[in-house]
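Coordinate analysis (summary)
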Amino acid sequence: METGRVTVERVGGKSTVTRSFSKYPLKFILPNKVGSAGTDAVWIYALTYGGGIVSVRCCFSYLTLYGDRISCEFFVGNGCTAVLTTQASTKVYKSLGSRCSEQLLEARIGSDALLVVIPDPVTCFSTARYAQKQVFRVVANSSSLLLVDWITSGRHESGEKWEFQLYKSTNQILLVDDDDRPLFVDSVLLEQGSISSIADRMLDYQVIAMIVILGPKLKNIQNQVQESVKRLMSDQLHMPYSGVRASSNHAKPNSSSAFNNKPQLVASCSPFGPKGVGVVVRIAATTTESVYKFLNHQLSGMESLIGVPPYR
Amino acid sequence: MDWSQWQLLDSILPTGGFAHSFGLEAAIQARIVSTPDELRTHLIHLLENTASLLLPFVHSATTNPSADNLRKLDALLDATLSNEVSRKASTSQGSALMRVAASVFTEIPSLKTTRDACLTSNFHFHHAPVFGLICGLLGMDPKTSQRGYLFITLRDSISAATRLNLVGPLGAAVLQHQVAAIAETILKQWADRPVEEACQTSPLLDTFQGFHSYLFSRLFCS
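Residues numbered from 1 in each chain as written. Chains lettered and ligands numbered in written order. Predicted model: local features only at pLDDT ≥ 70, side-chain atom pairs only at ≥ 80, totals over all residues.

Looking at the overall build of chain B
- Looking only at helices and strands, chain B has 10 helices and zero strands in total.
- Going residue by residue from the N terminus, the α and β elements of chain B occur as α-α-α-α-α-α-α-α-α-α.
- In terms of overall size, chain B behaves like a compact globule, its C-alpha atoms giving a radius of gyration of 17 Å where 222 residues would be expected to give roughly 17 Å.
- In chain B, which comprises 222 residues, the share counted as buried stands at 55%. (Helix = DSSP H or I, 4+ residues; strand = E, 2+ residues; numbered from the N terminus. Rg over C-alpha atoms; globule rule 2.2 N^0.38 Å. Buried ≥ 20, exposed ≤ 12 C-beta atoms within 10 Å, placed from the backbone.)

Now the structure itself:
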């Protein structure tokens with residue numbers, strides 16, 4: 001059942017919200033002005049009753065207790081720009097029994113249109129169960145999309161690290177002019193109770209993030225990010241000076257110092273799709289703050305398109 | 001038929017698996033893996049991720065080894081392997097395996113006709129579905145083909161670990177035997193799933209795998 005829908009179309013040469021629907025406990029806030037006058041972009045926030053301004057995704061946190069299913073639809077018309085964002089992390093509370101809260105976002109991005117999805121991270125509390133699916137239908141070589149999808153280990157400052165029960169995030173980009181042929185499919189499942197715990201699989205990292213950058217409007221951003229991530233990581237990678245086996249046999253203290261030497265933030269970048277139309281960046285870090293900084297730095301070039309730099 | 005099935009899993013079959021470390025070389029240079037214990041942990045995570053992400057493709061191709069199904073699986077996997085390093089590793093091993101199988105198992109003419117049909121179209125020859133298809137045509141049951149896929153994944157990454165001097169040859173054999181027991185549990189958990197459920201369970205591996213192209217000097221292709 002649909003809980004919210006926003007349609008953005010071109011009216012008088014500007015991106016304009018022509019239809020907006022939402023129902024309890026979800027409400028959209030559409031501020032008139034975000035950033036400089038020179039940019040043409042619609043910003044969309046959502047409000048939940050009792051929760052202040054939170055995000056389209058934030059609002060779902062309140063429903064988690066009841067294991068509800070929320071579904072939103074966004075339509076970004078030809079030549080329009082829309083931004084979906086949040087002002088606080090999405091908190092997913094403890095689940096009751098085996099119920100799982102679910103969130104479905106479907107977006108259709110028109111020709112020469114741009115959708116920017118820049119939320120704060122999802123934070124799943126101990127024993128929480130959360131699943132989200134985001135489907136973006138795009139026109140090949142014409143629509144543009146910037147998507148950030150990220151999760152933290154929980155309230156890790158107070159020692160709650162990767163203690164939730166289940167987190168599943170699926171992102172699909174489908175080519176609407178080619179019978180919904182998949183261009184990008186990504187599904188991550190973090191679930192307790194398999195051979196290794198989630199914390200085992202995450203080593204000592206507390207945050208994982210993914211950035212997807214697609215389309216002609218973001219070509220420059222793609223190039224900047226690829227160059228910058230490569231530079232950043234090349235400094236972090238080192239050849240072991242001799243065989244690793246030799247060094248670990250030698251002295252015990254070495255192994256613990258090697259552990260401490262793990263990079264605090266790792267990122268890698270890869271083109272996808274025919275002729276590398278898209279770029280995906282995957283990040284793991286030990287602090288949420290360092291990822292905010294990384295996103296702010298890497299995506300600063302978005303300012304000219306959406307009025308303000310993301311994650312300021 | 002046993003002879004053909006064993007040959008498919010034999011490391012002497014020239015499919016180029018030994019050119020790949022599946023992210024291990026990058027993980028070593030990023031100081032994620034430095035000790036034999038960390039190697040063991042890395043292998044378990046690699047097997048879990050392979051099982052959750054790729055066994056659905058092996059399963060589908062084994063149970064329905066038709067050219068149509070292979071084409072569908074190949075396109076879906078190409079969109080799923082968004083990491084260029086692992087995508088190229090998958091297509092280079094898959095196309096080598098298909099070429100070898102078409103030349104070796106001549107008693108199965110559909111291998112050659114399927115390969116020829118796919119060569120002309122926009123096809124990538126991703127490894128997991130190609131492996132599953134050959135298993136299916138060789139008459140292997142789906143459980144064995146999925147176990148076989150985990151077997152060669154473990155075999156090739158342990159072989160890479162030996163050549164990266166992380167473990168000696170005897171230690172490697174001991175480790176392979178120990179991890180095999182865990183791999184069987186992983187297989188039970190992830191076998192026979194539909195491709196719609198394919199997912200990554202160790203997303204960090206993908207991040208490390210992506211480093212591979214940043215490495216200044218390297219031994220392996222992935």
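Comments concerning the overall build of chain A
- Helices and strands together make up the secondary structure of chain A, namely seven helices and 18 strands.
- If you take every contact in chain A between residues at least 6 apart in sequence, the share linking residues at least 24 apart comes to 73%. (Contact = placed C-beta atoms within 7 Å.)

Regarding the interface of chain A and chain B
- Taken together, the contacts link 42 residues of chain A with 38 residues of chain B.
- Those elements giving two or more residues to the side of chain A that touches chain B turn out to be strand E15 (181–191), helix H3 (219–234), helix H4 (244–250), helix H5 (252–260), strand E17 (265–272) and strand E18 (278–285) of chain A.
- Of the residues forming the side of chain A that touches chain B, the biggest block, eight residues, is contributed by E15 of chain A.

Points about the environment of Ile29 of chain A
- Secondary-structure assignment places Ile29 of chain A in strand E3 (residues 26–29).
- The class for Ile29 of chain A is exposed, based on 12 C-beta atoms found within 10 Å.

Considering the packing of helix H3 (residues 36–63) of chain B against helix H4 (residues 67–80) of chain B
Residue and element names in this part refer to chain B.
- Closest axis-to-axis distance for the H3/H4 pair is 10 Å, and the angle between their directions is 170°. Between H3 and H4, the angle falls in the class roughly antiparallel. Mapping the contact onto sequence places Phe57, Ser60 and Ala61 in H3 and Asn69, Leu70, Leu73 and Leu77 in H4.
- Its residues placed into classes, the contact of H3 with H4 shows five nonpolar, two polar and no charged. (Axes fitted to C-alpha atoms, helices over the stretch in contact; angles between N-to-C directions. Parallel < 35°, antiparallel > 145°, perpendicular 65-115°, else oblique. Nonpolar A, V, L, I, M, F, W, Y, C, P; charged D, E, K, R; others polar.)

Some details on the confidence of the model for chain B
- Across chain B, pLDDT averages 94, with 100% of residues at or above 70.
- Scoring of the predicted complex yields 0.91 for pTM and 0.93 for ipTM. (pLDDT = per-residue confidence, 0-100.)

Description of the nonpolar core
- Counting 147 residues, the largest nonpolar core has Val76, Ala82, Leu115, Leu145 and Val281 of chain A together with Ile134 of chain B as its most contacted members.
- No other element matches the 12 residues that H3 of chain B contributes to this core.
- Setting aside anything within four residues of it in sequence, one finds Leu115 of chain A in contact with Val76, Ala82, Ala107, Ile109 and Leu145 of chain A. (Core = buried A, V, L, I, M, F, W, Y, C linked by C-beta atoms within 7 Å.)

A short note on the confidence of the model for chain A
Residues and elements named next belong to chain A.
- With 83% of its residues at a pLDDT of 70 or more, chain A has an overall mean of 84.
- Contacts of residues 49–66 to residues separated by more than four positions or lying in other chains number 59 contacts, the stretch itself having pLDDT below 50.
- pLDDT under 50 marks residues 245–259. Its contacts with residues more than four places away, or in other chains, come to 14 contacts.

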